[in-house]
Amino acid sequence: MKTRKIPVPTVLLRLAGSVIPLMSSAATADVITRYALDESAGTSAPQSISGGAPDGTLVGPAAWVSGIAAGSAQALSLTTGSRVEVAGNDVWHGRGGFSVSTWIKPSQFAGGGHAARSIFWLGTAGGSARFTLQINDLGDVRVGGRRTGSETDFNNTLVAGTNVSGTTNGSAGDPIQLDQTYHLAATADYATGLLSLYVNGSPVASNTIGAWGSGVTASDQPFVIRIGSNATGGEQFHGVVDDLRLFNTALTPSEVAALAGPVATTRGRDPWAFRLTLENKTRMLVAALRPDLWVAYNPANGTLHKVWSGGIQFHGKVYDFGQLNSATSGTTYHLQKNAFLLSATDESVIPAGWSAPGISTGSSWNFSTGTGTMFVSPTVDLRHHDQVTLAYHTPGTNNRLLVDVSSDGGATWDAQNWMSVDGAVSDGHQKRLAVSGSSVKVRFRRNTTGSTATLADVTLFGDYRAWTVETGGNAVATTVDWRGYRIIDRTEGMVVRYDLVLPDGSRIGVEEQPEALAGIKLQRRFSLTGVPAGARVSLEIDGTGVSAGHQLNGAASLRMDGGATYLDFTASGEATLETTWTP
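I will try to describe carefully the structure that is included in this document. Note that the coordinates shown come from a computational prediction; the quantities given were computed from them, not determined experimentally. (Residues numbered from 1 in each chain as written. Predicted model: local features only at pLDDT ≥ 70, side-chain atom pairs only at ≥ 80, totals over all residues. Heavy atoms only, no water.)

A word on the overall build of the protein. Check the secondary structure of the protein and you find two helices and 47 strands. A separation of at least 24 residues holds for 62% of the contacts in the protein among residues at least 6 apart in sequence. Put simply, the protein shows about 23300 Å² of open surface, and 49% of that area lies on carbon and sulfur atoms. (Helix = DSSP H or I, 4+ residues; strand = E, 2+ residues; numbered from the N terminus. Contact = heavy atoms within 4.5 Å. Areas by Shrake-Rupley, 256 points an atom, 1.4 Å probe, with all protein chains shown as cover.)

Here's what the structure looks like:
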């Protein structure tokens, strides 16, 4: 059965790890050829539509990598000398129009100037092009169409970009930037001669070049297809290509937008937004934006705490009558950089920065009976955290370790002291620290009344104050007042709401709407109200996990300061931050 073109709205199906569009029976135009590029090995690029172009063959050092299209598991990475070659075919002939749709992530602008880099190329084996989708070395996008072989010059090229006559590679004004994911589409209406070009679902340029009739004459057939180069291997594209589709019509703007849109209404579970205790963090807001992209917000500090794939292992009284917390599974893309102050979870070694006289390693840290045996943490600064909690396990029975806290870097140990209870519950010990300061340390000691002295899984975590407000260059004490969240039309979206409360009681209202975009990409739409004149409101957005890149539009700016990345607002307004993680 043929795959139909995507109408609006699109229904999505989760099958075998991929999100697959289900096409409406009301659609009238076929996807005539599709290269999903979702193999994991080998040199074949299968074509999935019956009666379409032949399968493709990989040439050169191409590699299969993680997908960048919506719901895609794999994609194809191209570099010097690599491309996909497709033998002669007649997909161009006798149609009412023609469209190409694909996802790209360029990695290199080679050479400079206006040199073309062909993403999709269709023409004769000898190199006479009929339809191309390209970028140039300035980051401009271009589509070209030659109506017949008698047009010796390829003068019908349509270009979208701000530097068509410039010399600077990849400037900020160009449609295409390196190492970012884009959906590109180009359409040709044979009756009107209209060429149209789209980036991320939005039309960026169009031009009428004259009616094409029914395309080209049979004598021009067959035409070869190349993905990543021209017919002879030139004009090589460097980067990732995913899910290339050809249509027998000029797609409408709404159809292109549907192809480029986020996986918005198919969520990871039902209900897809809920609150629970997650990995020792209480009252977390979790949202399964799609089956393979989950987020967690911390209401205590109004920040994005974690982004990951894989889902959740549900534990606790509500789920299994146990004491364990629910935990994430899969790959962590983002964990708020300063959420954990200490994390010592590998008992086979002494963690870096810790001192451990008399301690042996193994399945746990074991305390000898000798004098002076102790396990001492490095110094941590708690001045920018609230509700700091020490969590740890004491495996075995009759195991009551002594715990001491120092607020002066270990000179004295009387800031806080306690003895661990024997037989702690399965989620271990948790103790809120009653001290703050810049020179806090924690130590564990053997208790002479216990026959066992073992320790494991030590973490120190708190609510980092990622939101800051400055007026006149001076920091203003700010607290976060959580206002809840709102679901839009059951599955259409979620808005997170909280206020930043200033010392005089005035409030800065914050609303944030997260949404999954194609690939490993998260869009966050911010709306701030009540920002005082002359103030700078900043959110620290760094995380640990996977390398991240950011794109920003709207009434905000990105700032690097002291190794940290900040999203700055100097007035009320809206801004959209898109973050892409690259494993």
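Read on for the rest.
Here the focus is the nonpolar core. Ranked by size, the top nonpolar core spans 50 residues in total, and within it V286 and V537 carry the most contacts. No other element matches strand β20 (residues 281–290), which puts six residues into this core. Ignoring anything within four residues of it in the chain, the contact list for V286 reads W272, A273, F274, L276, L278, W294, V295, A296, W308 and I312. If you look at the next biggest cluster of nonpolar residues, it comprises 40 residues, including Y35, V86, V143 and L197. (Core = buried A, V, L, I, M, F, W, Y, C linked by side-chain atoms within 4.5 Å. Buried < 20%, exposed > 50% of the residue type's maximum accessible area, 1.4 Å probe, protein only.)

The next subject is the packing of aromatic side chains. Applying the stated criterion across every chain yields a total of twelve aromatic pairs. On the numbers, 5.8 Å between centres and 55° between planes, the contact of F340 with F461 is tilted. Here F461 lies in strand β35 (residues 454–464) and F340 lies in strand β26 (residues 340–344), a separation of 121 residues in the sequence. Residue F340 is classed as partly exposed on the basis of its relative accessible area, which comes to 30%. Seen in terms of ring centroids, Y392 and F444 are 5.1 Å apart; in terms of plane orientation they differ by 70°. Their pairing is edge-to-face. Here Y392 is found in strand β30 (residues 385–393), whereas its partner F444 is found in strand β34 (residues 441–445), with 52 residues between them in sequence. (Phe/Tyr/Trp six-rings, centres within 6.5 Å; stacked < 30°, edge-to-face > 60°.)

Of all the positions in helix α1 (residues 253–260), only E255, V256, L259 and A260 are classed as buried. Within α1, the buried residues cover an arc of 135° as seen down the axis, which keeps them to one side. The inward-facing, buried residues of α1 abut β9 (97–106), β14 (182–189), β15 (194–199) and β18 (239–247). (Arc of directions from axis to C-beta.)

Turning our attention to unusual backbone geometry. Residue D270 is joined to P271 through a cis peptide bond whose omega torsion reads 0°. One can find P271 in the loop between α1 and β19 (273–278). Although it is not a glycine, L37 sits at a positive phi angle of roughly 55°. On the basis of relative accessibility, which here comes to 3%, the residue L37 falls in the buried class. Notably, N398 is not glycine yet its phi reads approximately 50°, a positive angle. Relative to the assigned elements, N398 resides in the loop between β30 and β31 (402–406).

Moving on: the pattern of salt bridges. Side chains that differ in sign of charge can pair as their charged atoms come close. Within this structure, the stated rule accounts for 21 salt bridges. Its salt-bridge partner being R34, residue D243 comes within 2.8 Å of it at the nearest N-O pair. Of this pair, D243 sits in strand β18 while R34 sits in strand β3 (residues 31–35), placing them 209 residues apart in sequence. Just as D243 is buried, R34 falls in that class too. The partner of D270 in a salt bridge is R490, and the shortest N-O contact between them spans 2.7 Å. (Salt bridge = Lys/Arg side-chain N within 4 Å of Asp/Glu carboxyl O.)

Positionally, R226 belongs in strand β17 (residues 223–227). Buried charged residue R226 carries no salt bridge. Nearest counter-charge: E85, at 4.0 Å. Polar side-chain contacts of R226 include one of 3.3 Å to the backbone oxygen of V86. The residues contacting R226, other than those within four sequence positions of it, are V84, E85, V86, I119, F120, W121 and A231. (Lys, Arg positive; Asp, Glu negative; His and termini not counted. Polar contact = N/O pair within 3.5 Å; in protein donor to acceptor, adjacent residues only side chain to side chain.)

Looking now at the sheet that holds β31. Taken in spatial order, the four strands make up an open sheet running β29-β34-β31-β32, and their pairing is antiparallel. Of all strands in the sheet, those with a lone pairing partner are β29 (374–376) and β32 (416–419), marking the two edges. If you compare each strand with its neighbour and ignore which way they point, the axes differ by 15° on average. Inspection of the sheet shows β31 paired to β32 by four bridges, in the antiparallel sense. Across the sheet, residue V405 finds its bridge partner in β32, namely Q416. (Pairing = 2+ DSSP bridges. Axes fitted to C-alpha atoms, helices over the stretch in contact; angles between N-to-C directions.)

So, about the sheet that holds strand β41 (residues 521–529). The strand order across the open sheet built from six strands is β38-β39-β40-β41-β47-β44, with neighbouring strands paired in antiparallel fashion. Edge strands, defined here as strands with exactly one partner in the open sheet, are β38 (479–488) and β44 (547–554). Neighbouring strand axes in the sheet, compared pairwise and without regard to direction, differ in orientation by 20° on average. When strand β40 (residues 507–517) meets β41, the two strands line up antiparallel, connected through nine bridges. When the bridges of β41 are listed, E511 appears paired with S527.

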